[in-house]
Amino acid sequence: AVGMVTHDLRRALLLADRIAVLVGGRMVQLDRRDAVLERPVSRTVAELVGMSNLLAGVAATGRVEIDALRHLPVADPPAKGTRVLVGIRPEHLKLDGAGDTVPIGKGHVENVVDDGTTATVTLEWGALQLRSVLLSGEGLARGLSRGDSVSLSVRPEHIHLLPMER
């Protein structure tokens, strides 16, 4: 086994099959590459590995309620009433309801930043802000602009629940 230290997340994701995340000189997560990306152990790790959609919520039956109007489907919810932090990777937030995703309501495009490879879409979802990533020049990414209304959806298994931190 060969070890490597880097501050470059892209390089780590490209080369590593296992990733150790260090915060303040202390190892906080060591796991397979995909597990660290999809199931970070804390808000700090989630932010470090690009899980930019982080929302506070309360567990209900089969879902997490974000506020009175918005809720998210979850595959394995904790006990009803448990306060959680919900994480969704930008690439898992769908704007067109494709496949076996579950609708979560409408979002409004705030901004689109296209680097020629990917288009990062910042969305307003009620009073909250979400991000999605699309392939540049493909489908919706070709015609999205500020103010557009889009249908948002996600697969329940792509919603990651974290404990609320004090």
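Parameters at a glance
- Residue numbers run consecutively from 1 along every chain, following the written order of its sequence.
- In keeping with the model being predicted, local features are shown solely for residues with a pLDDT of at least 70 and side-chain atom pairs are shown and tallied solely at 80 or more, while totals for entire chains, interfaces and linings include all residues.
- Side-chain metrics in this entry use all non-hydrogen atoms of the structure; hydrogen atoms and water are not considered.
- Two strands form a pair only when DSSP identifies at least two bridges running between them.
- Under the scheme used here, helices are H or I runs from DSSP no shorter than 4 residues and strands are E runs no shorter than 2 residues, and both carry numbers assigned from the N terminus.
- To define axes, lines are fitted to C-alpha atoms, for helices over the stretch in contact only, and angles between the resulting N-to-C directions are given on a 0 to 180 degree scale.
- For patches, a residue must show more than 30% relative accessible area and have no salt bridge; joins then use 9 Å for like charges and 5 Å for nonpolar side chains, namely Val, Leu, Ile, Met, Phe, Trp and Tyr.
- Method for areas: the Shrake-Rupley scheme with a 1.4 Å probe, in which residue coverage is limited to the protein chains shown.
- Each salt bridge in this description consists of a side-chain nitrogen of Lys or Arg and a carboxyl oxygen of Asp or Glu lying within 4 Å of one another.
- Polar contacts, as counted here, are pairs of nitrogen or oxygen atoms within 3.5 Å of one another; within protein the pair requires one atom able to donate a hydrogen and one able to accept it, and residues that are adjacent in sequence qualify only if both atoms are side-chain atoms.
- Contacts are residue-level and defined by heavy atoms, with any inter-residue pair within 4.5 Å sufficient.
- The rule is simple: take the accessible area with a 1.4 Å probe, protein chains only, and divide by the maximum for that residue type; under 20% is buried, over 50% is exposed, in between is partly exposed.

J.: Can you tell me about the sheet that holds strand β8 (residues 118–125), naming the residues and giving the values?
T.: Spatially, β9-β8-β7-β10 is the arrangement adopted by the 4 strands of the open sheet, whose pairing is antiparallel. For this open sheet the edge positions go to β9 (128–135) and β10 (149–154), each flanked by a neighbour on one side alone. Taking each pair of neighbouring strands and ignoring which way they run, the sheet shows an average axis angle of 45 degrees. In terms of strand pairing, strand β7 (residues 102–114) meets β8 through 6 bridges, oriented antiparallel. Across the sheet, the residue bridging to Val113 is Thr120, located in β8.

J.: Tell me about a nonpolar patch on the surface, and name the residues and values.
T.: A grouping of Leu22, Met27 and Leu30 is seen on the molecular surface, where their side chains present a nonpolar patch of about 310 Å² in accessible area. Within the secondary structure, Leu30 sits in strand β2 (residues 26–32).

J.: Report on the side chain of Gln29, specifying residues and quantitative values.
T.: Tracing the sequence through the fold places Gln29 in strand β2. Polar side-chain contacts of Gln29 include one of 3.2 Å to the backbone oxygen of Arg39. A polar contact of 2.9 Å, which involves the side chain of Gln29, links it to the backbone nitrogen of Val41. Filtering out sequence-adjacent residues up to four positions away, Gln29 remains in contact with Ile19, Ala20, Val21, Ala35, Val36, Arg39, Pro40, Val41 and Val45.

J.: Talk me through the side chain of His160; I want residue IDs and the actual numbers.
T.: Following the sequence through the fold, His160 ends up in strand β11 (residues 160–163). Among the residues examined, His160 registers a relative accessible area of 12% and is labelled buried. Side-chain polar atoms of His160 contact the backbone oxygen of Pro40, separated by 2.8 Å. For His160, the residues in contact, after removing those within four places along its chain, are Glu38, Arg39, Pro40, Met51, Leu85, Val86 and Gly87.

J.: Tell me about the pairing of β8, residues and numbers included.
T.: Where β7 hands over to β8, the hairpin turn is made up of 3 residues, of which Gly116 adopts a positive phi near 95 degrees. In the sheet, β8 pairs with β9 via 8 bridges, with the strands oriented antiparallel. Paired with Val121 across the bridge in β9 is Ser132. Taken together, β8 and the strand that follows it, β9, pair antiparallel across an intervening segment of 2 residues, in which Gly126 is found at a positive phi of about 65 degrees.

J.: Can you lay out the pairing of strand β3 (residues 53–60) for me, pointing to particular residues and giving the numbers?
T.: Among the 8 residues in β3, 6 count as buried, and that is most of the element. Pairing between β3 and strand β6 (residues 83–88): 6 bridges, direction antiparallel. Following the sheet pairing, Asn53 is matched in β6 by Ile88. With 3 bridges connecting them, β3 and strand β4 (residues 63–65) associate as antiparallel partners. When the bridges of β4 are listed, Ala59 appears paired with Val64. The turn linking β3 back onto β4 is made up of 2 residues, and Gly62 within it adopts a positive phi angle of 75 degrees.

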